[in-house]
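Given next are the chains, with one letter for each unit.
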Amino acid sequence: MSRQPLPLGAWGSIHTKRSSAKTWLAETRYRDMDGKVRRVQARGPSAAAARRELQQKLANRKTPRFGLVTSTDKIDRLIEIFLVDLEASDRAARTKDKYAYCVKKYISPRIGSVRIGEATSGLIDHFIRSIVEDSGPSTARTCGAVLSWMFKVALRHDAVTVNPVLGVSIPRLRTKKPQALDPEQYQDLRKKLIAWEKASALGRPRSQELHEFADGMVALGVRPGELFSLLWEDLDLEADPPIIFVHTTVIRTTVGGVRIQDHPKTKHSIRQLTVPDFHVKQLRKRRLRQTKSAMPNPLGLIYPSSTGTVMDANNVGKIWRVASDAIGYEWVTLKTFRKTNSTIVARTMGPEAAAYQAGHSKVAMTQEHYIEERRGALDTRAAIDAFKPIRKSRKAQPSHEHSHTADGPAPHTKEPVPQPETEESPVSKETEPPEDPPKTAETSGK
């Protein structure tokens, strides 16, 4: 019977012998990850030391020779390979930038010196929990996603046998119920916002366009980045109805700065939207104002910056936070205007229309995160009135008091049933008593 071959990454019996006066040699046969069997040796001052040295050498040898990392390499080395893998992926530019920042800010400073083989689920869990305490669950989830990807890279190079992140409980984000503005609140906010813009202030003049940004997001339901990437060529005000084509967005990366990305957040975000009448008038005035002014606008942006370049949504968000606190609407963010649009569209046309307007692939996501719950009861009286009891008619019914049959009184019916004209039956003659003759003086005995 033939002998079974050694499994991949396994070795046979270890033999030791003295190689010199002060040195011992330990050797064995080892089957490498390419399937070939080779002799591996190690030396030490004693037989036991040589054996231990050889065993350590064999454990490290489990990583294939073509692997870029081993279990003894530090996580910082794995980070270098991960960043190359990240850059070559098809992830969005903002995602790449976010993951790279997470590695540089959190992962490398805290566990970069830990060896890959030492990264157990317990160690990763302790790291994630420390991020939750210091920076919040959102950052912790991002770090968990990055670490999971990193150790998938380590798995491909056989530096680990199990992804240690799989055993870690990543904290879930607490989603708040969406809150939107009703028409009365929006009119009040807009009035106070314009007053804040016109008020005198020390230092740099205040932005005079915040209320126009709010009008654009309420009217269209677009993301801030999508709003600031819109071009005049994407707009057709002469169509019936007027439409605008959303197919780009503004992003900010550490490498490219603020620029227009040639696609929005998702493929479902590419959509055509109708422009409401009030916003059509605003856009006509805005285009006329831009035409008369000498402000440069080489890209043909509908909402350019003060210097004619691409508007940075992050900077607008910072200005908005100052303005919203000043006018008493601190709970309103730029995203609130998008939720306001989704809520009003859902209540008038249904959640499916709101999901398309927002550029979402799933209606459930729009309902959970963008459509505000109704604050009052629905007026369903017109629908439920179909079940009201029907009252009996008060019209006079025909009297059947003197109607008799051979079996008793005739049953009451809504309409009298016509009886066929026939001869009187002898039964009726016998049962009906004859009428008494009229009384006279002779018959009465008087």
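Visitor: Any chance you could explain the overall build of the protein chain here in plain terms?
Guide: Of regular secondary structure, the protein chain possesses 16 helices and 10 strands. Residues classed as buried in the protein chain amount to 36% of the 446 residues present. The long-range fraction of contacts in the protein chain, counting pairs at least 24 apart against all pairs at least 6 apart in sequence, stands at 59%. When the accessible surface of the protein chain is summed, it comes to about 29700 Å², and 53% of that surface belongs to carbon and sulfur atoms.

Visitor: Explanation requested: helix H11 (residues 334-349) in the structure shown.
Guide: Each α-helix winds once per 3.6 residues, and so residues spaced three or four apart point in a common direction. Across its 16 residues, H11 extends 23 Å between first and last C-alpha, which sits within 8% of the 22 Å expected from 1.5 Å per residue. The first or second residue beyond H11 is Gly350, which carries a positive phi of 105 degrees.

Visitor: I tried to follow the pattern of salt bridges on my own but got confused; where do I start?
Guide: Side chains that differ in charge, positive against negative, can pair when their charged atoms come close. Tallied over the full model, the rule gives 16 salt bridges. Ionic pairing is found between Arg286 and Glu209, a salt bridge with its closest N-O pair at 3.0 Å. You can see Arg286 sitting in helix H9 (residues 277-292) and its partner Glu209 sitting in the loop between helix H6 (183-198) and helix H7 (210-220), a full 77 residues away along the chain. A relative accessible area of 23% means that Glu209 is categorised as partly exposed.

Visitor: Would you mind showing me how to read the pairing of strand S8 (residues 271-274) here?
Guide: Along any regular strand the residues' side chains alternate between the sheet's two faces. Taking every second residue as pointing to the same face, the buried face of S8 carries Arg271 and Leu273, while none of Gln272 and Thr274 on the other face is buried. Note: strand S5 (residues 243-246) against S8, four bridges, orientation antiparallel. By the bridge assignment for S8, Phe245 is matched with Gln272.

Visitor: What is the right way to look at the sheet that holds strand S3 (residues 37-44) in this model?
Guide: The pairing of strands in a sheet happens through backbone hydrogen bonds and is either parallel or antiparallel. With antiparallel pairing, three strands are arranged side by side in an open sheet as S1-S2-S3. Across the chains shown, the open sheet's two edge strands, defined by having one partner strand only, are strand S1 (15-18) and S3. Geometrically, the sheet is characterised by an average inter-axis angle of 25 degrees between neighbouring strands, direction not taken into account. Relative to strand S2 (residues 24-31), S1 is paired through four bridges, and the arrangement is antiparallel. If you follow His15 over to S2, its bridge partner there is Glu27. Its contacts with the sheet put helix H1 (residues 47-60) on S1, S2 and S3, and the angle it makes with S3 is roughly 135 degrees.

Visitor: Help me understand the packing of aromatic side chains in this model?
Guide: Ring pairs (aromatic) are described by centroid distance and by the angle formed between their planes. Going through the model one piece at a time under the given rule, you end up with seven aromatic pairs. Centroid distance Trp11 to Tyr30: 6.3 Å. Interplanar angle 25 degrees. Geometry classified as stacked. Of this pair, Trp11 sits in the segment before S1 while Tyr30 sits in strand S2, placing them 19 residues apart in sequence. Of the residues examined, Trp11 reaches a relative accessible area of 31% and is grouped as partly exposed.

Visitor: Is there a simple way to explain the sheet that holds strand S4 (residues 235-236) in this structure?
Guide: Taken in spatial order, the three strands make up an open sheet running S4-S5-S8, and their pairing is antiparallel. At either margin of the open sheet sits one strand with a lone partner, and together these are S4 and S8. Examined bridge by bridge, S4 and S5 share two bridges and lie antiparallel to one another. Its bridge partner lying in S5, Leu235 is registered against Ile244.

Visitor: Would you mind going over the state of the cysteines with me for this structure?
Guide: Here a disulfide denotes one covalent bond, and it connects the sulfur atoms of two cysteines. Per the stated rule, a full pass over the model turns up zero disulfides. Summary of cysteine pairing: Cys102 is not part of a disulfide, and the nearest cysteine sulfur, belonging to Cys143, is at 3.0 Å. Its relative accessible area of 3% is what places Cys102 among the buried residues.

Visitor: Mind showing me how you'd approach the environment of Ile131 here?
Guide: Examined against the element boundaries, Ile131 turns out to sit in helix H4 (residues 121-135). Residue classification places Ile131 among the buried residues on the basis of a relative accessible area of 0%. Separated by 10 residues in the primary sequence, Ile131 and Arg141 place their C-alpha atoms 9.2 Å from one another. When sequence neighbours within four positions are dropped, the list of residues in contact with Ile131 reads Tyr106, Arg110, Gly136, Thr139, Ala140 and Cys143.

Visitor: Any chance you could explain the nonpolar core here in plain terms?
Guide: One recurring pattern in soluble globular proteins: nonpolar side chains tend to sit buried together. Counting residues in hydrophobic clusters, the biggest one holds 41 residues, and the most contacted among them are Phe213, Phe228 and Phe337. Tallying contributions element by element places H7 first for this core, with seven residues. Non-local contacts of Phe337, meaning those with residues more than four positions away in its chain, are made with Leu181, Tyr186, Leu189, Ala214, Met217, Val218, Trp320 and Val332. Counting residues in hydrophobic clusters, the runner-up holds 33 residues, among them Cys143, Leu147, Trp149 and Ala154.

Visitor: It is not clear to me how the packing of H7 against H11 should be interpreted in this structure. Could you clarify?
Guide: The axes of two packed helices give the description: the angle between them and the distance between them. Contact geometry for H7 and H11: axes closest at 7 Å, N-to-C directions at 35 degrees. Seen along the crossing, H7 lies across H11 with a hand that is right-handed. Here H7 contributes Ala214, Met217, Val218, Ala219 and Leu220 to the contact with H11, which in turn contributes Leu334, Phe337 and Asn341. In the contact of H7 with H11, the residues fall into seven nonpolar, one polar and no charged.

Visitor: I'm lost on the side chain of Ser89 in this one. Help?
Guide: Within the element layout of this structure, Ser89 appears in the loop between helix H2 (75-88) and helix H3 (93-111). Exposure remark for Ser89: the relative accessible area of 19% places this residue in the buried category. A polar side-chain atom of Ser89 sits 2.6 Å from the main-chain carbonyl oxygen of Leu86.

Thresholds, definitions, all that
Residues numbered from 1 in each chain as written. Predicted model: local features only at pLDDT ≥ 70, side-chain atom pairs only at ≥ 80, totals over all residues. Heavy atoms only, no water. Helix = DSSP H or I, 4+ residues; strand = E, 2+ residues; numbered from the N terminus. Buried < 20%, exposed > 50% of the residue type's maximum accessible area, 1.4 Å probe, protein only. Contact = heavy atoms within 4.5 Å. Areas by Shrake-Rupley, 256 points an atom, 1.4 Å probe, with all protein chains shown as cover. Expected span 1.5 Å × (residues − 1). Salt bridge = Lys/Arg side-chain N within 4 Å of Asp/Glu carboxyl O. Pairing = 2+ DSSP bridges. Axes fitted to C-alpha atoms, helices over the stretch in contact; angles between N-to-C directions. Phe/Tyr/Trp six-rings, centres within 6.5 Å; stacked < 30°, edge-to-face > 60°. Disulfide = S-S within 2.5 Å. Core = buried A, V, L, I, M, F, W, Y, C linked by side-chain atoms within 4.5 Å. Left-handed = near helix turned anticlockwise from the far one by under 90°. Nonpolar A, V, L, I, M, F, W, Y, C, P; charged D, E, K, R; others polar. Polar contact = N/O pair within 3.5 Å; in protein donor to acceptor, adjacent residues only side chain to side chain.

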